[in-house]
Amino acid sequence: MTAALTVTSMSKSFAGPRVLNDVSLSIEPGEIRALVGENGSGKSTLIKILAGFHLPDEGSAEVDGQPLPLGNGASSETLGLRFVHQDLGLVNNLDAVDNMALGVGYPSFRGGIRWRQERKRARKALADLGYHFDVRRTVDRLAMSERTALAVARAMGPRQAQPKVLVLDEPTANLPAAEAERLFQLAKRVADSGVAVMFVSHHFDEVFGLAHSVTVLRDGQHVITRPVAGLTEDGLIELVIGRQLEQVHHDAKAAERKAIVLEVGGLECGVLNDVDLAVHAGEIVGVAGITGSGRDEVARALFGGLERSGEVKINGAVVPPLRPDRAMAMGMGLVPAERHANAAFMASTLRENVTVVRPGTYWRGGILRKSAERSDVAKWLERLDVRPREPEFTMADLSGGNQQKVVLARWLRLEPKVLVLDEPTQGVDVGAKSDIHKLVDEAAAQGTAVLVASTDHEELVRLCHRVLVFRRGRIADEIFGGRMDHDVITAATIGRDQAGAA
Amino acid sequence: MTVDKQATSEPGVEREAGGQSAHGRRKLFVVLGFDRFSGLYVWAALILIFSLWVPNLFDTANNARIIAGSQAITAMVAMGLIVPVACGAFDLSIAGTLGVSCCVVIWFQANHHGWFLGIIVALLVGLVVGLVNSLIVVRLHVDSFIGTLGMSSILLAGTEWITGGGQIANGISPTFTAIGQKQIIGLPLPVFYMIALAIVLWWLLEYTPVGRYLYGIGGNPQAARLAGIRVGRITTGAFLLSGLVAAFSGIILAAQIGSASPDVGGPYLLPAFSAVFLGATQVFPGRVNVPGTLIAIFLLATGVKGLQLAGAPAYINDLFNGAALIIAVALAARAYASQRKA
């Protein structure tokens, strides 16, 4: 039987070391293959090459024995190689019928569209996958699993050739556990119809519950492809990380247990479900987790950027939800992720970017004293080593690392009781990164309670006294002391705890 | 609102001035203030041109006084508009508010209720319009352009209703018209109101925290929220202010012309927007500001007046203002783009 998908010696580098190095694999029709690996292992690059988004340096691929022209998205589709990417690619204000026609069009009948027939067709495609919902509802009113099913139904549509291979990129990343189960059934149905299914996932319950076989990539190389049967979770973690997990002793940062400054009880926001946590004065607590675990919502939920329920207290005083101004008045500061969208006023000066949170500091005699403001800001720019050190320069003229320092200065100037950082060194060069870490250390040393959410596990190890690991909206693990290690954190975000955890 | 859009390109390292001679040229450019005060230079050039072209008609002090007087109302409306535009909202209802306010204060006098009460009610109308605008934009999340456009139509209906479709000019108290027509040192009072308003708004925008919040919201509303700025509250205040200023301007206009008619407000809309956007390229380039707007108003008025004196037809006003608006926004976009290229 011809393999549904064959990849041969695929290699790719982006101006530097190879991100994909001589990777080969093959999948049989009806097989469900899990593609597993850490961030940076090369799996997203492989998917993008197959989707025609990148051209590999070397290598080839075949779908059902036919050579796959690379670097061309359309040809993948016509050969039967179909994709459902993480963002699903649906248009929210159109209904299911229209979304299924995206990129394909409708068969026209004397210049018009036969809507009844199209609706029937859409309903059937969804029913084949085990889903029955109103195809006239717009996508933004569908549940996440229904949307994913719709994206799969679209991918599975005929279009000049029957689908042979379905690639799902982190299909359950944004799904709560119950809906994820439904998606497993869907994937099985697709495989039963003879289509090969390859899915990328960080969730071990999917790998073990759904896949027949697993391919592990590490540092751009193919480590192993083997049946799931007989593989243990620990075994899989070792394959992903590349070594056995021992107890690693680092210079564990110990914090004298001072008073609790930030207290969170029953936090619910997005996927976050009933989360309790506390941060003491001078403590740096990390928040880790993969996409969809809730890690990316914690920071904004606490500060009031997202709708939430539950109780957040600073020094015993309750912080109302959705009120960043109140959170700020009560001593909380937030350095948000994606500074371009959430923190930086690109067209404003550095001075304005720093003082925007409390310009009233310079209010005297009925006007803002700009010279006092300027010299104060200059001091902060000096202290944080921002380059160029000119308060009147425009934010957009600075490099990412310097911009981040300006945002950090904004909050440090207020001497917050609680400092929340979301991906603090995202898009920041190595030098600025180290500077920012030192500044966070200093803030904590002065008694600030710090919460850092980050996908950079090395950063968490460098900064934190302890790390809270989130999985599917809840705190699944707390890592501190002897377990503070990049790989331990990674393992905790994607699987179960190591046996013999502290 | 900052006239320019958010930077979409990656901010790079500090930009090179680019070549020795280019650097030298650029320095001279900046020192002479061409980038920030080009409007003043153009204005001076226009005065020069017209003084030579229509000498006996143009450069009389009288002419200058006439221009100042006639532009005072437009200038005030435009300055009121700066505040919502700074925080990213369009207020297309200002002309309608001006019209209704003018009609109200005239109607009160024509019906013997007194000009004082008329002024109070007219100002209240301005506040109410601002409040409704803010409810529509902040609570109902209607786009400000659409929302205030609808409001302006409603206000037009309002002027039709108050005036009964025609002009009202009876029962106007001379004390009232003195507010708009009396002259001090040869300048009509409205010029002084304009100067006072300019000072207040300049202070508000440049020297108070509220001014920072306004520009912050206009620059990046999401970041403004996460910097603890109360976006809804500030936006509401901005609409209230522009409504109040428009109403005040309507009262002064009523005093100036001593009558009210349904279409009295319409002609003020586009010149106000042209001035605000053209003004955003001056003095504090990249954002709407008071001195820039004033320069723009008088620049445009001088140009139009000069052309009219030189025999241009009446419609030159609309042509000039329309062209100025387009050129202003295009210049701003180009300046922004070249600045952002690292």
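Note that the structure is predicted; figures quoted are calculated from it, not measured.

Visitor: What is the right way to read the overall build of chain B from this model?
Guide: Scanning chain B from terminus to terminus reveals 15 helices and two strands. Counting only residues that meet the buried cut, chain B has 46% of its 342 residues in that class. When contacts within chain B are restricted to residue pairs at least 6 apart in sequence, long-range pairs at least 24 apart make up 78% of them.

Visitor: Just checking my understanding: could you explain the overall build of chain A for this structure?
Guide: Secondary structure summary: chain A contains 17 helices and 24 strands in total. Here the C-alpha atoms of chain A give a radius of gyration of 25 Å, agreeing with the 23 Å that 2.2 N^0.38 yields for 502 residues. The principal-axis extents of the C-alpha atoms in chain A amount to approximately 80 × 60 × 45 Å. The 502 residues of chain A split such that 48% are buried. Pairs at least 24 apart in sequence give 67% of the contacts found in chain A among residues at least 6 apart.

Visitor: Please explain the domain arrangement of chain A as it appears in this structure.
Guide: What the domain assignment lists for chain A is domain 1 (5-241), domain 2 (247-331 + 417-502) and domain 3 (341-415). Each of domain 1 of chain A and domain 3 of chain A has a C-alpha centre, and these two points are 46 Å apart.

Visitor: Where do I start with the sheet that holds strand β3 (residues 32-36) of chain A in this structure?
Guide: By definition, the strands of a sheet pair up through backbone hydrogen bonds, in either a parallel or an antiparallel sense. Residue and element names in this part refer to chain A. Pairing is mixed across the open sheet formed by six strands, whose spatial order is β6-β9-β10-β3-β11-β12. The two strands at the open ends of the sheet, each matched to only one other strand, are β6 (81-84) and β12 (221-227). Strand-to-strand twist across the sheet, computed as the mean angle between neighbouring axes with direction ignored, equals 20°. Across six bridges, the pairing between strand β11 (residues 213-218) and β12 is antiparallel.

Visitor: What is the right way to read the environment of A:Q162 from this model?
Guide: Here A:Q162 is to be found in the loop between α5 (144-155) and β9 (165-169). The partly exposed category is assigned to A:Q162, around which 13 C-beta atoms lie within 10 Å.

Visitor: Can you walk me through the interface of chain A and chain B in this structure?
Guide: A common way to report how large an interface is uses the accessible area buried once the components associate. Contacts between the two partners involve 30 residues from chain A, matched on the other side by 27 residues from chain B. Of all the secondary-structure elements, those providing two or more residues to the side of chain A that touches chain B are α10 (324-329), α11 (339-342), β20 (367-368) and α14 (400-412) of chain A. The element contributing the most residues to the side of chain A that touches chain B is α10(A), with three residues. Looking at the side of chain A that touches chain B residue by residue, the class counts come to 20 nonpolar, seven polar and three charged.

Visitor: Even after reading the chapter, I still don't get helix α5 (residues 94-110) of chain B, so can you show me in this structure?
Guide: Owing to its 3.6 residues per turn, the α-helix brings residues three or four apart onto one side. Residues and elements named next belong to chain B. For α5, spanning 17 residues, the distance from its first C-alpha to its last is 24 Å, which sits close to the expected 24 Å at 1.5 Å a residue. Taken across its 17 residues, α5 has 16 buried, putting it largely inside the fold. In the segment just after α5, H112 is the residue with positive phi, at about 60°.

Visitor: Please explain the sheet that holds strand β15 (residues 284-288) of chain A as it appears in this structure.
Guide: All names here are of chain A. Spatially, β18-β21-β22-β15-β23-β24 is the arrangement adopted by the six strands of the open sheet, whose pairing is mixed. Unpaired on one side and paired on the other, β18 (332-335) and β24 (474-480) mark the two borders of the sheet. Sheet twist, expressed as the mean angle between neighbouring strand axes with direction ignored, is 20°. Summarising the sheet, β15 and strand β23 (residues 466-471) pair through four bridges and their orientation is parallel. Each bridged residue has a counterpart across the sheet, and for V287 the counterpart in β23 is L468. This element, helix α9 (residues 295-303), spans β15, β18, β21 (418-422), β22 (449-453) and β23 of the sheet and lies at about 145° to β21.

Visitor: Before we go on, may I ask you to explain the packing of α5(B) against helix α12 (residues 231-257) of chain B in this structure?
Guide: Relative orientation and spacing of two packed helices are given, respectively, by the angle between their axes and the distance between those axes. Residue and element names in this part refer to chain B. Relative orientation of the contacting elements α5 and α12 amounts to 45°, with a least axis distance of 7 Å. The angle between α5 and α12 falls in the class oblique. The interaxial crossing formed by α5 with α12 has right-handed handedness. Along the contact surface, α5 presents I94, T97, L98, G99, V100, S101, C102, V105 and I106, while α12 presents S242, G243, A246, A247, S249, G250, I251, L253 and A254. Here the residues of the contact of α5 with α12 sort into 11 nonpolar, seven polar and no charged.

Visitor: Please explain the pairing of β21(A) as it appears in this structure.
Guide: Taken residue by residue, a regular strand's side chains alternate between the two faces of the sheet. Residue and element names in this part refer to chain A. In terms of residue burial, β21 counts as a mostly covered element, since five of its five residues are buried. Because side chains alternate across β21, one face comprises the buried residues V418, V420 and D422, and the other comprises L419 and L421, equally buried. The sheet contact formed by β18 and β21 spans four bridges and is parallel. Paired with M332 across the bridge in β21 is V418. Pairing of β21 with β22 involves five bridges; the strand directions are parallel.

Visitor: Even after reading the chapter, I still don't get the nonpolar core, so can you show me in this structure?
Guide: Here is a general trend for soluble globular proteins: nonpolar side chains tend to be buried in one another's company. Membership of the largest hydrophobic core comes to 235 residues, with the highest contact counts inside it found for A:V165, A:V197, B:V77 and B:V276. The element best represented in this core is α12(B), accounting for 14 residues. Beyond its immediate sequence surroundings of up to four residues, A:V165 is in contact with A:A4, A:L5, A:I27, A:V63, A:G80, A:L81, A:R82, A:V195, A:A196 and A:M198.

Visitor: What's the story with unusual backbone geometry in this structure? I'm lost.
Guide: Keep in mind that most residues, glycine aside, have a negative phi and that most peptide bonds are trans. Residues and elements named next belong to chain A. With an omega dihedral of 0°, the bond running from R387 to P388 counts as a cis peptide bond. Mapping P388 onto the fold places it in the loop between α13 (370-383) and α14. Phi is positive for D219, close to 50°, though the residue is something other than glycine. Turning to its location among the elements, D219 is positioned in the loop between β11 and β12. Residue classification places D219 among the partly exposed positions, given that 16 C-beta atoms sit within 10 Å.

Visitor: Explanation requested: the packing of helix α10 (residues 209-219) of chain B against α12(B) in the structure shown.
Guide: All names here are of chain B. Where α10 contacts α12, the two axes come as close as 10 Å, and the packing angle between them is 105°. Classified by the interaxial angle, the pair formed by α10 and α12 is roughly perpendicular. Residues V210, Y213, L214 and I217 of α10 lie in contact with α12, whose contacting residues are V231, I234, T235 and A238. Of the residues contributing to the contact of α10 with α12, the split by class is seven nonpolar, one polar and no charged.

Visitor: Looking at this structure, how should I read helix α14 (residues 290-309) of chain B?
Guide: Residues and elements named next belong to chain B. Here α14 is 20 residues long and its end C-alpha atoms lie 28 Å apart, about the 28 Å a rise of 1.5 Å per residue gives. Within α14, 16 of the 20 residues are buried, leaving the element largely enclosed by the surrounding structure. Positive backbone phi, approximately 105°, marks G311, located one or two places after α14.

Visitor: I would appreciate a short explanation of the confidence of the model for chain B in the present structure.
Guide: If pLDDT is low for a region, its predicted coordinates should not be looked at in detail. For chain B, the average pLDDT comes to 85, and 86% of its residues sit at 70 or higher. Considering only residues more than four positions removed or in separate chains, one finds that residues 1-22 of chain B, a stretch of pLDDT under 50, has 48 contacts.

Visitor: I keep staring at the environment of B:I199 and nothing clicks. Help me out?
Guide: When you line up the elements, B:I199 lands in helix α9 (residues 189-207). For the pair B:I199 and B:P291, spaced 92 residues apart in sequence, the C-alpha to C-alpha distance is 9.5 Å.

Visitor: In this structure, what is going on with the confidence of the model for chain A? I would like to understand it.
Guide: Residue and element names in this part refer to chain A. When pLDDT is averaged along chain A, the result is 87, and 94% of the positions lie at 70 or above. Throughout residues 247-252 the model reports pLDDT below 50, and contacts reaching past four residues in sequence, or to other chains, amount to 10 contacts. This stretch, residues 497-502, has a pLDDT under 50; its non-local contacts, to residues over four places away or in other chains, come to eight contacts.

Visitor: Mind showing me how you'd approach the environment of A:K43 here?
Guide: Residue and element names in this part refer to chain A. The topology assignment puts K43 in helix α1 (residues 43-50). The spatial distance from the C-alpha of K43 to the C-alpha of L408 is 34 Å, given a sequence separation of 365 residues. Among all residues touching K43, those that are not within four sequence positions of it are L35, G37, V200 and L217.

About the thresholds
- Residues numbered from 1 in each chain as written.
- Chains lettered and ligands numbered in written order.
- Predicted model: local features only at pLDDT ≥ 70, side-chain atom pairs only at ≥ 80, totals over all residues.
- Helix = DSSP H or I, 4+ residues; strand = E, 2+ residues; numbered from the N terminus.
- Buried ≥ 20, exposed ≤ 12 C-beta atoms within 10 Å, placed from the backbone.
- Contact = placed C-beta atoms within 7 Å.
- Rg over C-alpha atoms; globule rule 2.2 N^0.38 Å.
- Domains from an automatic or database assignment.
- Pairing = 2+ DSSP bridges.
- Axes fitted to C-alpha atoms, helices over the stretch in contact; angles between N-to-C directions.
- Nonpolar A, V, L, I, M, F, W, Y, C, P; charged D, E, K, R; others polar.
- Expected span 1.5 Å × (residues − 1).
- Parallel < 35°, antiparallel > 145°, perpendicular 65-115°, else oblique.
- Left-handed = near helix turned anticlockwise from the far one by under 90°.
- Core = buried A, V, L, I, M, F, W, Y, C linked by C-beta atoms within 7 Å.
- pLDDT = per-residue confidence, 0-100.

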